[in-house]
Amino acid sequence: MSTPIIELRGLRKRFNEGTAIESEVLHGIDLDVHRGEFACLIGPSGSGKSTLLNMIGLLDQPSGGQYRLKGVAIGQSDDDTRTRARLNTLGFVFQFHHLLPAFSALENVTLPMLMRDGVVTAAARAEGAALLEAVGLGQVLDRKPSELSGGMQQRVAIARALALSPDLVLADEPTGNLDTQTADDVFALLRDFNRRRGTAFLIVTHDPRLAARCDRVVELRDGTIVRDEAQVAATPGAD
Amino acid sequence: MRFEWIVALRFLREGGLQTMLIITGTALGISFIVFITAILTNLQRDIVERTLGVQPHITIRPQDEVARPQWRAAGEPGAQPEVQARAQRLRSIDQWQPIARALDADPQVRAVSPIVSGPATVTRGDAARVVTLVGIVPDRYTSVTQLGARIVAGSLTLAPGDTVIGRELAQDLGARVGDMVRIATPVSSGDAYRVRGIYDLGAKAFNRSYAYVALPVGQALHALPGGVSSIDLKVDNLWTAEAVALRLQREVPHQVESWMQANAQLMIGLANQTLMTRLIRITIGLVVAIGIASVLIVAVVQKTREIGILRAMGASRGRVLRVFLLQGALIGFVGAALGSIGGYWLTRMMAGLLRSADGTRLITAHLDLPLYGATLLGAAVVGLLAAVAPARRAARLDPATAIRL
């Protein structure tokens, strides 16, 4: 098998290190994520899901253990290296969409291109428009986020996460804020991108119905992985 | 930098009222700075010109003559001579023509006017007045002093038999344009001259002090044939007179004196005025900087989530830093641009209101481009510096925490 995108070995995270209230949130996590995977990360509140996602997303630094991104140790790298890796390798989808309100839907999607290339070329704009088309928002390219519904905003966020064709998209409760029907649609969209473009997804979710539709379920409890198994993804609407 | 520009501009636009208020505040502060700078420059130039009257920026005169006693060697018998200061006779500048020619070519000297000046009495009927009689070359003299613009009757034409006197002297003598007056000096019994023009320098003392004749006439009356008692100079910038004088002092073997040396008390007054206005300007600048800094600190707090998302998407700390530095600089620059317009407008308005004793405008509003250029640049730098603390704060935000807010 080729080099995994993510390789975690004995990853630990302690907060408030060296103080009286020091606490370890992740106790030695071993986890690989391969290209094209569609994995869910589940677990009760406080189990360390978000902390783990921040580690994987290079938004936070582990206190111990190893993190290799596409074969390169990166856990303890400096901020600029990790920032570059985020830009080039990872995409993010958050629960509360987090679009930039001052930018239109299309501008939000082309922002990563602007960051990487310093300009938004006509080709980049076309690519952004195609992505928005693919998430069903071809008609609202120039609308501001405040003029879009929650589901639409989350679709824009997904298009933006995919803008630079990342190897892995990290999604933190991407449907946590949406009604069931919209949540199903958004989830289907992620699944679709995974199948068609081969983008790997790691999705944190509370929703057992959505977890059932992933190829792999990783369950975290009290900072330890208690279950990590492949499954046959349920077909939407079958339950 | 494209990314930083786009995001900074959008953030400012998104700020709406907040951005408008801080730009307005900056513009008000800057317009006041521009205004008092323009007023001060104008007023000081006006005060200097009025106080100086016909004093030039720089005067070159012969060195004072000193008595040189012959000292005896120590122990030698005999009394030490007591040395009296020597009386200064009216002398010509040695070799003044080559010096004047060299000064004509000097890039820092705008105009050169050789004059011969000394005591004289002007009489008409029973009235006699003591004046300084100045022999001038009218063209040259008017480009060094403002006499040309101060003629209130007749004209400044000086044929051999003509003279131009001040308004108060004319009143004292009961003379009008066309009348004859008698001018005599200690070394010449004098002759009758026709009053061709009357001037008013705006100060009565000056108007009583000077009578003008053509240079050759003056040379004859002061018994200095072919000679001049001083060379008057005008420099491009009033305030550089002292520096130019110091340089010229090294180049000519005569006494060189700037108006600043000759009017030390005036200079002290002006320097204090300049200091006070500088203090006001610095204070306004600080207030503007604090305003910009506080608005940006609030903006950083308001945009914490957006900063977090930008960082997560792959914007480096440096980029976030520059986005906020740029916002500060932009506020300063736009505020200064509006402030310059406001300041110019204020100056024009005041120029219309302030009149001097003779009814002429005390100040003139002119587009002082270097002043406005320096203001724009300075304000952008002040804005940039004011943004340093907020920008560092934004750059240090922990993206993981920022997103959760």
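Rules and cut-offs
- Residues numbered from 1 in each chain as written.
- Chains lettered and ligands numbered in written order.
- Predicted model: local features only at pLDDT ≥ 70, side-chain atom pairs only at ≥ 80, totals over all residues.
- Helix = DSSP H or I, 4+ residues; strand = E, 2+ residues; numbered from the N terminus.
- Rg over C-alpha atoms; globule rule 2.2 N^0.38 Å.
- Buried ≥ 20, exposed ≤ 12 C-beta atoms within 10 Å, placed from the backbone.
- Contact = placed C-beta atoms within 7 Å.
- Nonpolar A, V, L, I, M, F, W, Y, C, P; charged D, E, K, R; others polar.
- Expected span 1.5 Å × (residues − 1).
- Domains from an automatic or database assignment.
- Pairing = 2+ DSSP bridges.
- Arc of directions from axis to C-beta.
- pLDDT = per-residue confidence, 0-100.
- Core = buried A, V, L, I, M, F, W, Y, C linked by C-beta atoms within 7 Å.
- Axes fitted to C-alpha atoms, helices over the stretch in contact; angles between N-to-C directions.
- Parallel < 35°, antiparallel > 145°, perpendicular 65-115°, else oblique.
- Left-handed = near helix turned anticlockwise from the far one by under 90°.

Engineer: It is not clear to me how the overall build of chain B should be interpreted in this structure. Could you clarify?
Structural biologist: For chain B, the count of helices and strands is 15 helices and ten strands. Radius of gyration (C-alpha) of chain B: 32 Å, far over the 22 Å computed for a compact globule of 405 residues. With respect to the principal axes defined by its C-alpha atoms, chain B has extents near 100 × 70 × 35 Å. Per-residue burial over chain B gives 40% buried out of 405 residues.

Engineer: Honestly, unusual backbone geometry in this entry has me stumped. Any pointers?
Structural biologist: The general pattern is negative phi for most residues beyond glycine and trans for most peptide bonds. Unlike most non-glycine residues, Ser165(A) shows phi in positive territory, near 45 degrees. Structurally, Ser165(A) can be placed in the loop between α5 (150-161) and β7 (168-172).

Engineer: Honestly, the interface of chain A and chain B in this entry has me stumped. Any pointers?
Structural biologist: It is common to give the size of an interface as the accessible area that goes away when the parts come together. Contact residues are listed per partner, giving 22 residues for chain A and 19 residues for chain B. Broken down by secondary-structure element, the contributors of at least two residues to the side of chain A that touches chain B are α2 (79-89) and α3 (105-117) of chain A. Looking at which element gives the most residues to the side of chain A that touches chain B, the answer is α2(A), with five residues. A per-class count over the side of chain A that touches chain B returns 13 nonpolar, five polar and four charged.

Engineer: Would you mind going over helix α13 (residues 369-386) of chain B with me for this structure?
Structural biologist: Turn by turn, an α-helix covers 3.6 residues, leaving residues three or four places apart pointing in a common direction. Relative to the 26 Å expected for 18 residues at 1.5 Å per residue, α13(B) spans 25 Å between its end C-alpha atoms, a close match to the ideal helical length. Summarising the contacts, the buried residues of α13(B) are in contact with α2 (17-52), α10 (264-302) and α12 (317-353) of chain B.

Engineer: Help me understand the domain arrangement of chain B, please; the structure alone is not making it clear to me.
Structural biologist: By domain assignment, chain B separates into domain 1 (2-50 + 267-404) and domain 2 (90-259). Placing the centre of domain 1 of chain B and that of domain 2 of chain B at their C-alpha centroids yields a distance of 49 Å.

Engineer: Explanation requested: the sheet that holds strand β4 (residues 64-69) of chain A in the structure shown.
Structural biologist: Two modes of strand pairing occur in sheets, parallel and antiparallel, and in both the strands are linked by backbone hydrogen bonds. Residues and elements named next belong to chain A. Taken in spatial order, the four strands line up as β2-β1-β4-β5 in an open sheet, and their pairing is antiparallel. Each edge of the sheet is formed by a strand with only one pairing partner; in this case those strands are β2 (23-33) and β5 (72-73). When strand β1 (residues 6-15) meets β2, the two strands line up antiparallel, connected through eight bridges. Residue Leu8 lies in a different strand from β2, and its bridge partner there is Leu31.

Engineer: Any chance you could explain helix α1 (residues 2-15) of chain B here in plain terms?
Structural biologist: Residue and element names in this part refer to chain B. Over its 14 residues, α1 runs 20 Å from end to end, which matches the ideal 20 Å to within 8%, given 1.5 Å per residue. Burial in α1 covers these residues: Phe3, Glu4, Val7, Ala8, Phe11, Leu12 and Gly15. End-on view of α1: buried residues confined to an arc of 150 degrees, all on one side of the axis. Opposite the buried face of α1, at more than 90 degrees from it, the exposed residues are Arg2 and Arg13.

Engineer: What am I meant to see in the confidence of the model for chain A here?
Structural biologist: Do not read the fine detail of predicted coordinates wherever pLDDT is low. Taken residue by residue, chain A gives an average pLDDT of 88. The fraction at 70 or more is 97%. No element of chain A has a lower mean pLDDT than helix α7 (residues 208-211) of chain A, which averages 86, and none a higher one than strand β8 (residues 200-204) of chain A, which averages 93.

Engineer: Looking at this structure, how should I read the nonpolar core?
Structural biologist: Core analysis: the largest hydrophobic core is formed by 122 residues, its most contacted members being Leu41(A) and Phe324(B). If you tally residues by element for this core, the top one is α12(B), at 13 residues. For Phe324(B), the residues in contact, after removing those within four places along its chain, are Leu296(B), Val300(B), Ala387(B), Pro390(B), Ala391(B) and Ala394(B). Counting residues in hydrophobic clusters, the runner-up holds 53 residues, among them Ile198(B), Tyr210(B), Leu233(B) and Leu248(B).

Engineer: Sorry if this is basic, but what is going on with the environment of Asn207(B) here?
Structural biologist: Residue and element names in this part refer to chain B. Checked against the element boundaries, Asn207 lands in helix α6 (residues 204-209). Owing to 23 C-beta atoms within 10 Å, Asn207 belongs among the buried residues under this scheme. Linking Asn207 and Ile151, residues 56 residues apart in sequence, is a C-alpha distance of 11 Å. For Asn207, the residues in contact, after removing those within four places along its chain, are Gly166, Arg167, Glu168, Leu169, Asp200 and Leu201.

Engineer: Explanation requested: the packing of α12(B) against helix α14 (residues 388-396) of chain B in the structure shown.
Structural biologist: When two helices pack together, their arrangement is captured by the angle between the axes and the distance separating the axes. Residues and elements named next belong to chain B. Contact geometry of α12 with α14 gives a least axis separation of 8 Å together with a crossing angle of 150 degrees. Classified by the interaxial angle, the pair formed by α12 and α14 is roughly antiparallel. Our pair here, α12 against α14, has a crossing hand that is right-handed. Contact residues: α12 offers Arg317, Val320, Leu321, Phe324 and Leu325, while α14 offers Val388, Pro390, Ala391, Arg392, Ala394 and Ala395. Here the residues of the contact of α12 with α14 sort into nine nonpolar, no polar and two charged.

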